[in-house]
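Working through the structure, step by step
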Amino acid sequence: MSDDPTGGQFEIVSDVHDATTVITVRGELDLDTIPHLSAAAFPAADAAERGLVVDMTDVSFLSSSAITVLVRVSDRLPESSRMALVAVDGVVVRPVQLSGIDRVMATFTTVPEAVAHVQSSAVDREGGR
């Protein structure tokens, strides 16, 4: 956890939900904090055989640089794995839609929905081999 320059708290927590890695982000995702996102998300993506979910429910700002990191994280996933976002606030949903990354990774309003989505994609791919 680190202090956000605006006085709020920035935090990234990584956890596993039903064999899927979920990275929960709180605070602003801007130039000062995206190195923390990269440090948590890149290794998680490399090992995400059952999918990766980034929970941005409590993100109060999403910069274009953070969107770039999310795309790069998605590119690092194993071939059988998928990534999903959890976003409910317009300050996150609007940039996600405007950037078009919602066409690359699905966006959900709850973590369980996102986990179910990435796991079903992994199962579909495993069954198709």
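Nothing here was measured: the structure is a model prediction, and the numbers come from that model.

Remarks on the overall build of the chain
Each helix and strand in the chain was counted, giving 4 helices and 6 strands. Along the chain, helices and strands appear, N-terminal first, in the series β-β-β-α-β-α-β-α-β-α. Put simply, the chain has 129 residues, and 47% of those count as buried. Nonlocal contacts in the chain, meaning residues at least 24 apart in sequence, comprise 67% of its contacts between residues at least 6 apart. In the form shown here, the chain has an accessible surface area of approximately 6500 Å², with 51% of it arising from carbon and sulfur atoms.

Let's talk about the nonpolar core
Judged by nonpolar contacts, the single largest core of 29 residues is most densely connected at L29, L52, M56, M83 and L85. Looking at this core, the elements that each hand over two or more residues are β3 (20-29), α1 (34-46), β4 (52-62), α2 (64-75), β5 (83-86) and α3 (90-99). Tallying contributions element by element places α1 first for this core, with 6 residues. Among all residues touching L29, those that are not within four sequence positions of it are F10, I34, L37, M56, V59, F61, L62, S63 and A66.

Topic: the confidence of the model for the chain
Across the chain, the average pLDDT comes to 88, with 88% of residues at 70 or higher. Counting interchain partners and residues more than four positions distant, the pLDDT-below-50 stretch residues 1-7 has 13 contacts.

As for the side chain of T20
Checked against the element boundaries, T20 lands in strand β3. Contacts of T20, omitting those with residues within four sequence positions, involve D15, R50, G51, L52, V53, V115, V118 and Q119.

Looking at the side chain of S38
The residue S38 is located in helix α1 in this model. In contact with S38, not counting residues within four places along its chain, are P43 and V69.

Structural notes on the pattern of salt bridges
Applying the stated criterion across every chain yields a total of 3 salt bridges. R26 is the partner of E11 in a salt bridge, and the nearest nitrogen-oxygen pair spans 3.1 Å. Of this pair, E11 sits in strand β2 (residues 9-17) while R26 is found in strand β3, placing the two residues 15 residues apart along the sequence. We classify E11 as partly exposed; its relative accessible area is 24%. The salt bridge partner of D46 is R76, with a shortest N-O separation of 2.6 Å. With D46 in helix α1 and R76 in the loop between α2 and β5, this residue pair connects regions lying 30 residues apart in the sequence. Members of the salt-bridge network, linked through shared partners, are E11, R26 and D58.

What counts and how
Residues numbered from 1 in each chain as written. Predicted model: local features only at pLDDT ≥ 70, side-chain atom pairs only at ≥ 80, totals over all residues. Heavy atoms only, no water. Helix = DSSP H or I, 4+ residues; strand = E, 2+ residues; numbered from the N terminus. Buried < 20%, exposed > 50% of the residue type's maximum accessible area, 1.4 Å probe, protein only. Contact = heavy atoms within 4.5 Å. Areas by Shrake-Rupley, 256 points an atom, 1.4 Å probe, with all protein chains shown as cover. Core = buried A, V, L, I, M, F, W, Y, C linked by side-chain atoms within 4.5 Å. pLDDT = per-residue confidence, 0-100. Salt bridge = Lys/Arg side-chain N within 4 Å of Asp/Glu carboxyl O.

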